[in-house]
Every structure is written in structure tokens, then in C-alpha cells.
Amino acid sequence: GLGLFDATMLIVGSMIGSGIFIVSADIARQLGSAGWLLLAWVVTGLLTVAAALSYGELAAMMPRAGGQYVYLREAFSPLWGFLYGWTLFLVIQTGTIAAVAVGFSRFLGVVVPAISPTAWILKPVSLSADYAISLSLQQLLAILLIVFLTLINSRGLSIGKWIQNIFTSAKTVSLLALIVLGIFVGRNAEAVSANFSHLWAIRGASVIQPDFYWLPALTATDGLFGLLVAFWVAQVGSLFSCDAWNNITFTAGEVREPQRNIPLALALGTGSVVVLFLLANVAYLSTLSIEKIQQAPDDRVATAMLSVIFGESGAIIMAVAIIISTFGCNNGIVLAGARVYYAMARDGLFFKATGK
């Protein structure tokens, strides 16, 4: 039921969530310069496209539902497929779905202030000094979003596919509009001069504290080693933002001409998103100084940029764009993930009923 366009939309829709609108603030703090910020996204783009092309080869060889689960099973043994599939079920896919759903409800709270993280349905019940159980209206809406998308996708591929295509098209246009506004409308001569005239000058780099207490804390200004540490730590945010492109391989059994369409969709989808993400960062740097990117409230860089252009309404405009983006992103992840559990069940490694 999925053609080349549908497969490409699934990749693009799964990749564009809320990360590109937020993580650049943290990367800017870790690296401290416009040049290193852009280079971090370039390296992430190269890694992503290289991985996608490799998966394209694997998908052409094994065009069956299950994707990465199948590749691990065939390459190393059913044990590794089993471990990956159950980890996907318990942590990876479910955790990502939960995180994106919370992002959806948080930004819905910007548009409708009553949807607050402290509008308690169940007030926090402390479990320890660091943990508590609670249920807020914001959390409830995140749960209801997951239930709704699950019910929609359980009705068949065609409904989920159309939701994906519509919302992915909308958020791609929104991201393009953000880029155009930042580069051409909000262009700030002072910010451009400060960022691009001193492209590699490190300013305001934050301290990177290792988890092991016996290792020293570092910043990007601590010589070549400090810069390398900061650069690879910064990749966490950019790689997370570019993740989920492999979801299309989970649905390989539903793609027409998979030997042709999956590799093409992976190349087109990841390539276009990587270019859009890089241009989005150019837009941020054209409107905001590196210091303002580092200090963006709640790390919402895109919101800070639109606030410069549109004033207070910029926050609402950006929130609506992210609501659309996270809704479409979660639909793609919900749609794709179920195919792995289906493939595992058919192999006798998951609950048998799921194979039906």
C-alpha cells in the first residue's frame, strides 16, 4: 500500500519532530560558535545519509516487514534480533512515542494556557527524593494522543498513510517558511556580522561535566581535546533530531517495488531533511546572535527567532507549527513500529496473536 512518495513522507515525517526547533541552543552552548554549530549539523547529516544508504542496500536484499530486526537476525543470529525487538518494544519506540507526545501537549499548552504541566488530575505522590508519580492535564493529553493514533492506525494502512502525507506536507512547508523568514525577513545585520565574521570564535561555551567524577570537566576552549569532546557530545542532540529515518524499513513488506523504492525513499527523505535542518540553523544565525541562541528561553530557538520577527505572536505561530510537526511525527512512529512486533510474532519471538 505504500509507494515511493508515501515511503519518503514516512521518513521525512518521522525525522521532523520538535528537535530541530530546540536542540540548537544546547549545541551552541556546548560549542560556542556559529561555525562549529553548523559543522555539527553537517557531520550529523553525513552520518545520517551514509547510514540510510547502507539500510537501503539491506532493504533491497531483505524487503520484508521488520527492517532492522530482520537485518540483525539474519546477520548475527535470532538472539540479536530478539534482543533488539524487545528493546524496541520496551524502551526505544515506546520511549520515543512518549517523548514526542509530551512535546505535542507541551506546545499545545502554549496555545491553550489551561493545558498546564501543573494542572493536576493526580497531584505528585513522592516515591523518593528524585521521583514521583503524577498525572497532569498535559500528560493526559499526551496519553490520549497515543491512544488516538494507535486506534487510527489499527483500522488499516490507508488511513495512517493519508494522515502521514498530509501532516508531513504541512510541517515541511512550515519549516521552509521558517527558513525563508529567518534568512530574508528577520535578517539582522549585527547578528550576521557577529556570527559569520568570527565564524570559529568560541564564546560562552558551557562546561561539560563527565559522569565519572575522577575525569576532569572540559569546555570547547580547552585545546583540541576539549573541542573534540564538546563536538561529539553536541552530536547527541543533532543525531536525536535526525533519528527515526529507519522506520521505513520496518514497513518494507508494505512498500511497492521495495528493492527500488526503499533505497530511493531513504536517499530522498534523509537528504532533504538534512538540507532543511542545516538551512534552519543558517536562519537562526541570520536573525539571532550566538549568545541569544545559547540563552533562548527553554531552548526554544525557533520561537525566539519568530518573536524577533512577529513579536509576542511569534510564540503562538511556532507552537502551532510544532503541534502539527509532533502529531505527524508520532503517527509515523506508531505506524511503523507495530510491523516489527508483527514480524517477531511470525518468528515465534513475540506474542503469537500479534502475528495476526
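Treat the numbers as computed from the prediction; the structure is a model and nothing was measured.

Student: Account for the nonpolar core, with residues named and values stated.
Tutor: One finds F21, L175, L178 and Y284 to be the most contacted residues of the largest nonpolar core, which totals 94 residues. When residues in this core are grouped by element, the largest group, 16 residues, is from helix α14 (residues 313–346). Residue contacts for L175: discarding those within four places in its chain leaves I16, F21, L276, F277 and A280.

Student: Can you explain the side chain of N261? Please cite residues and give values.
Tutor: Take N261: it is sitting in helix α11 (residues 258–287). Setting aside its immediate chain neighbours within four residues, N261 contacts L4, V255 and R256.

Student: Please set out the packing of helix α5 (residues 78–111) against α14 residue by residue, giving values where relevant.
Tutor: Their axes nearest at 8 Å, the elements α5 and α14 cross at an angle of 160°. The angle between the axes of α5 and α14 places the two elements in the roughly antiparallel class. The two elements α5 and α14 cross, and the hand of that crossing is left-handed. For the contact of α5 with α14, the residue count by class is 25 nonpolar, seven polar and no charged.

Student: So, the environment of M344: which residues are in play, and what are the values?
Tutor: Within the element layout of this structure, M344 appears in helix α14. Looking at M344, the relative accessible area reads 0%, which means it is buried. The sequence separation of M344 and G85 amounts to 259 residues, and the corresponding C-alpha distance is 7.3 Å. In this structure, M344 is in contact with Y69, F82, G85, W86, L349 and F350, ignoring residues within four places of it in sequence.

Student: Any chance you could break down the packing of aromatic side chains for me, citing the residues and the numbers?
Tutor: This model, assessed by the stated rule, comprises 19 aromatic pairs. For the pair Y213 and W214, a centre-to-centre distance of 5.4 Å together with 85° between the ring planes defines the contact as edge-to-face. Take Y213 and W214: they sit in the same class, and that class is exposed. An aromatic cluster is present here, built from F82, W86, F89, Y341, F350 and F351 joined pairwise through their rings.

Student: Tell me what's going on with the state of the cysteines, and back it up with residues and numbers.
Tutor: All told, the structure shown has zero disulfides when counted by the stated rule. Looking at C242, it has no disulfide partner, and the nearest cysteine sulfur is the one in C329, 12 Å off. A relative accessible area of 3% places C242 in the buried class.

Student: Please provide a residue-by-residue account of helix α6 (residues 137–154), values included.
Tutor: Along its 18 residues, α6 runs 26 Å from first to last C-alpha, staying within 8% of the 26 Å computed at 1.5 Å per residue. Those residues of α6 that fall on the buried side of the exposure criterion are Q138, A142, L145, L149, I152 and N153. Seen along its axis, α6 keeps its buried residues to an arc of 95°; they face one direction. Among the exposed residues of α6, those pointing more than 90 degrees away from its buried face are L151 and S154. Buried positions along α6 lie against α5, β2 (132–136), α7 (157–185) and α14.

Student: For the pairing of strand β1 (residues 120–126), give the residues involved together with the corresponding values.
Tutor: Of the strand pairs in this sheet, β1 and β2 are connected by four bridges, and their pairing is antiparallel. Following the sheet pairing, V125 is matched in β2 by I133. Counting the residues in the hairpin turn of β1 and β2 gives five residues.

Student: Before we move on, can you summarise the environment of V185 with the specific residues and values?
Tutor: By the secondary structure assignment, V185 is in helix α7. According to the relative accessible area criterion, V185 is exposed, its value standing at 54%. On a C-alpha basis, the gap between V185 and T287 in space is 8.8 Å, while along the polypeptide they are 102 residues apart. Discounting residues that sit within four places of it in the chain, V185 has contacts with V180 and I309.

Student: Mind laying out the pattern of salt bridges, listing which residues take part and the relevant values?
Tutor: Pairing is possible between side chains that carry opposite charge, provided their charged atoms lie close to one another. Under the definition given, this model contains eight salt bridges. The structure contains a network of salt bridges with shared partners spanning D26, R29 and D299.

Student: Now, about the environment of S325: what can you tell me, with residues and values included?
Tutor: Inspection of the secondary structure puts S325 in helix α14. Sequence separation between S325 and L264 is 61 residues; the distance between their C-alpha atoms is 23 Å. When near neighbours in sequence (up to four residues on either side) are disregarded, S325 contacts I16, G17, F21 and K171.

Student: Give me the lowdown on the packing of α7 against α11, citing residues and values where you can.
Tutor: The N-to-C vectors of α7 and α11 enclose an angle of 35°; their axes lie 7 Å apart at closest approach. When the axes of α7 and α11 are compared, the crossing they make is left-handed. Residue-level inspection shows T172, L175, L176, L178, I179, G182 and I183 of α7 in contact with α11, the latter providing L276, F277, L279, A280, V282, A283, Y284, S286 and T287. Within the contact of α7 with α11, the residues separate by chemical class into twelve nonpolar, four polar and no charged.

Reading guide: rules and limits
- Residues numbered from 1 in each chain as written.
- Predicted model: local features only at pLDDT ≥ 70, side-chain atom pairs only at ≥ 80, totals over all residues.
- Heavy atoms only, no water.
- Core = buried A, V, L, I, M, F, W, Y, C linked by side-chain atoms within 4.5 Å.
- Buried < 20%, exposed > 50% of the residue type's maximum accessible area, 1.4 Å probe, protein only.
- Helix = DSSP H or I, 4+ residues; strand = E, 2+ residues; numbered from the N terminus.
- Contact = heavy atoms within 4.5 Å.
- Axes fitted to C-alpha atoms, helices over the stretch in contact; angles between N-to-C directions.
- Parallel < 35°, antiparallel > 145°, perpendicular 65-115°, else oblique.
- Left-handed = near helix turned anticlockwise from the far one by under 90°.
- Nonpolar A, V, L, I, M, F, W, Y, C, P; charged D, E, K, R; others polar.
- Phe/Tyr/Trp six-rings, centres within 6.5 Å; stacked < 30°, edge-to-face > 60°.
- Disulfide = S-S within 2.5 Å.
- Expected span 1.5 Å × (residues − 1).
- Arc of directions from axis to C-beta.
- Pairing = 2+ DSSP bridges.
- Salt bridge = Lys/Arg side-chain N within 4 Å of Asp/Glu carboxyl O.

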